[in-house]
Amino acid sequence: MAGAHSHRQSHHLQQQPSSRLLLLLTVLPLTLATLAFLLQWRGGVTDPVTRWSPDHDQFPGMATTTTTTPSRHSSDCGKNPLYQSHNPSFPYFRDWTLDFSSNLSPKICITTSTSAGLEQTLPWIFYHKVIGVSSFILFVEGKAASPNVTRVLDTIPGVKIVYRTRELEEQQAKSRIWNETWLATFFYKPCNYELFVKQSLNMEMAIVMARDSRMDWIIHLDTDELMHPAGTQEYSLRQLLADVPGNVDMVIFPNYESSVERDDIKEPFSEVSMFKKNYDHLPKDVYFGNYKEATRGNPNYFLTYGNGKSAARIQDHLRPNGAHRWHNYMKTPNEIKLEEAAVLHYTYTKFSDLTSRRDRCGCKPTKEDVKRCFMLDFDRSAFIIASTATEEEMLQWYRERVVWTDKALNMKLMRRGILARIYAPMIIIQSLKESGVFSSLIAKAAQTKLSKDNFLKSVKSSNSTRNSISEVISSRKIDAGGISQATARRILEFIDDSLPSAIPPLSPPSLDHTDLIIS
């Protein structure tokens, strides 16, 4: 018995190391998995899902404080890994209202004059919030000034609405630029000329409002245009302007023009991805060598303007120089043009754009009369067609002149660099829409009261604002000669912009510009 007991004890002792090893191999992976889960839950580990989740604050323009977000049904959790903690699927932000904290810099303001509805304005605003814009000053009229639209816009943090009231017009009639000569050639003309003057007057007031809000940069943009901050690591307009040297006053963004591939576009920001590149971003031989194929029988390389838009550093004596540029009463601005970043112009993207432009103007559809209304040749041609042709004839003209249906030509021009695919805006806006941002905002606005005369209240309730406007009107113009030199990455060229009159929308260079070919 004793021998048997001794044998069993010896066998048990031999099995102990292997049992312990087996136990260790079992417990160790479980321990590591638990530790990894705890670290990830506490923010210690970043995986591809949590990195782009709404709780991660690495993307541009994200708030640093936790805020509440609209809840999402729990059944969504299994469908998309981006749905975490009942947050919206849009991955860049922790708060769908995108109400940025005050410590983000530089602070960027976009101002616009618009009559567009919510279907265009909401994606436009929130897209620019995504890329780092802090504040929006909207001068509204027409559909944009209707209660159903402004009730929603009023609820968006950082958005200020300015109604075109008689009081506003009287105040603008006393402004400095109305009584100066550099804008005078555009006065007392209909349609595009009238809009151009309105935009300039609104920009003058927007400068005052942006300065009082302590903004660093101001950009004038139409609601059919999106900033495209290419050349930055995080697709951030804020990062782009933060990298601009301190002695630079203005940044020029060349514009790319939408090239629609269908005649039934409903939501241009979500459906258009092909754009024609600007002359400034192309080698001269490529631009002029493909000019005729890229023009497709139209009056110019672009359907509409080709001289881009600009951002101005907010400083004393700043003034607009037309809708596309800024200037300064006391000096010649130091301007740079960027080699990658651009403005995406979604022009004539919908067939209905033909008739909507026609309905806004009361000009006669003759070659002579349209010159009073429109500055660019294609706008004139489009107005005449929309005013004289049948619906079928208009559609045929639209397909021939605007829609890019020739896939072989598209591919050819894409290989040569004339056309480019740009998906970032489309993806961002589609994600915003899918996350429920717009529908939630409209539902929220339905329970709020419409507040009118926001601009006039803010001006009248603030002595500093009244004094600022007075300063704009009474300041003296002194030109400073010369442009300081600076170097900055992603800069295409420095510009000597000292033209005495406002810069209108200009067409890109044509084949007649032989000096550009030679230079």
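Bear in mind that the values here come from a model prediction, so they are computed numbers and not experimental data. (Residues numbered from 1 in each chain as written. Predicted model: local features only at pLDDT ≥ 70, side-chain atom pairs only at ≥ 80, totals over all residues. Heavy atoms only, no water.)

J.: Could you give me a rundown of the confidence of the model for the chain, with the residues and numbers involved?
T.: Per-residue pLDDT for the chain averages 79, and the proportion of residues at 70 or more is 69%. Note on residues 40-96: pLDDT is under 50 here. Beyond four places in sequence and across chains, it has 105 contacts. Of the regions scoring below 50 in pLDDT, residues 495-499 engages in 18 contacts with residues more than four places distant in sequence or in other chains. (pLDDT = per-residue confidence, 0-100. Contact = heavy atoms within 4.5 Å.)

J.: Lay out the side chain of N290 with the relevant residues and their values.
T.: In this structure, N290 sits in the loop between α9 (284-289) and α10 (291-295). Residue N290 is classed as buried on the basis of its relative accessible area of 6%. A distance of 2.8 Å separates the side chain of N290 from the backbone oxygen of V286, its partner in a polar contact. In this view, N290 contacts L413, R416 and I418; residues no more than four positions away in its chain are not counted. (Helix = DSSP H or I, 4+ residues; strand = E, 2+ residues; numbered from the N terminus. Buried < 20%, exposed > 50% of the residue type's maximum accessible area, 1.4 Å probe, protein only. Polar contact = N/O pair within 3.5 Å; in protein donor to acceptor, adjacent residues only side chain to side chain.)

J.: Describe in detail the sheet that holds strand β7 (residues 255-258), supporting the description with residues and values.
T.: With mixed pairing, the five strands of this open sheet are ordered in space as β5-β13-β7-β8-β14. On the outer flanks of this sheet lie β5 (225-228) and β14 (419-421), each paired with one strand and no other. Strand-to-strand twist of the sheet, defined as the mean angle between neighbouring strand axes without regard to direction, takes the value 35 degrees. Direction of pairing for β7 relative to strand β13 (residues 342-345): parallel, over a ladder of three bridges. In the sheet register, Y256 faces β13, and the bridge partner there is L344. In this fold helix α15 (residues 407-415) packs onto β8 (274-276) and β14, with an angle of close to 90 degrees to the strand it touches most, β14. (Pairing = 2+ DSSP bridges. Axes fitted to C-alpha atoms, helices over the stretch in contact; angles between N-to-C directions.)

J.: Lay out the side chain of N321 in plain terms, naming residues and giving numbers.
T.: In this fold, N321 is placed in the loop between β10 (318-320) and β11 (326-328). Judged by its relative accessible area of 0%, N321 falls in the buried class.

J.: Now, about the pattern of salt bridges: what can you tell me, with residues and values included?
T.: Where side chains of opposite charge bring their charged atoms close, a pairing between them can arise. For the structure on display, the rule yields 21 salt bridges. One salt bridge connects R164 with E169, and the closest N-O pair in it is separated by 3.4 Å. Take E169: its relative accessible area is 40%, and that puts it in the partly exposed class. K331 is paired through a salt bridge with D249; the nearest N and O atoms lie 3.1 Å apart. (Salt bridge = Lys/Arg side-chain N within 4 Å of Asp/Glu carboxyl O.)

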